[in-house]
Amino acid sequence: MPRGLNRFSYMVPAELASDIREGQLVRVPFRNSPILGIVQELTSSPTAETEKIKSVIDIVHKEPALSDSERILLQTCAEWYGVSEGAMQKIALPPFSKKSLRAVSFTKKKSRKSTGANTLFHELYITPTDHASLLKKHLGSGQTLILVPEQSLIEEVKSSLPKNKQAEVIEWHSRLTAKQQTDRWLQIRNNEKKIIIGTRSAVFLSFFDLKTIMVDYEHDDNHKHWDQAPRF
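Given the structure is predicted, the values throughout are model-derived calculations rather than measurements. (Residues numbered from 1 in each chain as written. Predicted model: local features only at pLDDT ≥ 70, side-chain atom pairs only at ≥ 80, totals over all residues. Heavy atoms only, no water.)

(A) View of the layout of surface pockets. Considered as a void within the structure, the second largest pocket measures approximately 1,500 Å³ in volume. As for the second largest pocket, its lining consists of 44 residues, of which Tyr-10, Val-28, Leu-36, Gly-37 and Ile-38 are closest to the centre. Those elements that place two or more of their residues in the lining of the second largest pocket are β1 (25-30), β2 (33-38), α2 (85-92) and α3 (98-103). Residues belonging to the lining of the second largest pocket are distributed by class as follows: 26 nonpolar, twelve polar and six charged. (1 Å grid on protein atoms, 1.4 Å probe; cavity = no way out; pocket = protein on both sides within 12 Å on 5 of 7 lines; lining within 4 Å. Points joined across faces, edges and corners; volume = space filled by probe spheres on them. Helix = DSSP H or I, 4+ residues; strand = E, 2+ residues; numbered from the N terminus. Nonpolar A, V, L, I, M, F, W, Y, C, P; charged D, E, K, R; others polar.)

This is the structure in structure tokens:
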């Protein structure tokens with residue numbers, strides 16, 4: 001949606017009231033067709049005359065697709081880059097189809113409280129040996145995201161990992177098909193894959209337990225999205 005149409009209000013039918021939660025995927029009527037939406041906020045105070053507000057059709061999955069922290073991140077980025085929340089959420093979510101939604105299952109995430117003790121490591125390397133040892137050194141206990149500036153470097157970075165870790169790798173880039181995006185997004189969201197190597201849009205994936213982010217070839221300008229908004 002354009003920035004001026006950031007959110008739409010819908011009524012929650014009584015039969016859905018006990019199950020609906022922020023971050024869930026829901027089906028809502030829009031113009032003459034049902035479309036997918038994300039529940040952004042629940043309130044008991046209607047924003048317009050209730051007889052003019054359409055109702056949510058159904059809840060696609062009871063487990064939220066996006067956590068509270070993910071939605072806050074996307075809202076913040078939308079404000080930074082002057083785009084709608086929907087534009088950011090389209091980057092963060094795969095292109096679900098009716099067929100894929102029937103087979104989708106979201107693993108329940110544990111709620112996590114920030115300790116405010118984030119640690120930043122900044123290391124430089126110049127030889128292939130250093131490269132491999134640094135990648136191995138910083139592979140965390142949870143999920144690890146390795147960012148590369150372009151798709152052609154994914155295989156090179158993957159080959160630098162220990163052999164026993166390469167089976168845990170999943171690749172993410174803009175040339176994946178819609179089915180590949182959906183399948184891989186779910187594997188990352190449900191903690192089936194521990195190491196993600198991808199280009200810049202991978203920062204918005206729905207991680208289950210992200211512990212480590214490594215930016216490889218950090219000097220490369222292709223890490224920056226320059227040709228269309230949002231320019232992250």
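Back to the write-up after that little detour.
(B) Focus on the nonpolar core. Among the nonpolar cores identified, the biggest contains 30 residues, and Leu-25, Phe-106, Trp-185, Ile-196 and Leu-205 are the most heavily contacted of them. Looking at this core, the elements with two or more residues in it are α1 (68-81), α2, β4 (143-147), β5 (169-172) and α7 (178-189). Setting aside anything within four residues of it in sequence, one finds Ile-196 in contact with Gln-143, Thr-144, Leu-145, Ile-146, Ile-170, Trp-172, Ile-188, Leu-205 and Phe-207. In terms of nonpolar packing, the next biggest core, distinct from the first, is built from twelve residues, Ile-146, Val-169, Ile-197 and Met-214 among them. (Core = buried A, V, L, I, M, F, W, Y, C linked by side-chain atoms within 4.5 Å. Buried < 20%, exposed > 50% of the residue type's maximum accessible area, 1.4 Å probe, protein only. Contact = heavy atoms within 4.5 Å.)

(C) Layout of the packing of aromatic side chains. The full count for this structure, using the stated rule, is five aromatic pairs. Their ring planes at 80° and their centres at 5.3 Å tell us that Phe-8 and Phe-30 sit as a pair that is edge-to-face. Here Phe-8 is found in the segment before β1, whereas its partner Phe-30 is found in strand β1, with 22 residues between them in sequence. Residue classification places Phe-30 among the buried residues on the basis of a relative accessible area of 18%. Arranged with centres 5.7 Å apart and planes meeting at 90°, the rings of Phe-96 and Trp-185 form a pair that is edge-to-face. Linking Phe-96 in the loop between α2 and α3 with Trp-185 in helix α7, this pair joins segments that are 89 residues apart in sequence. (Phe/Tyr/Trp six-rings, centres within 6.5 Å; stacked < 30°, edge-to-face > 60°.)

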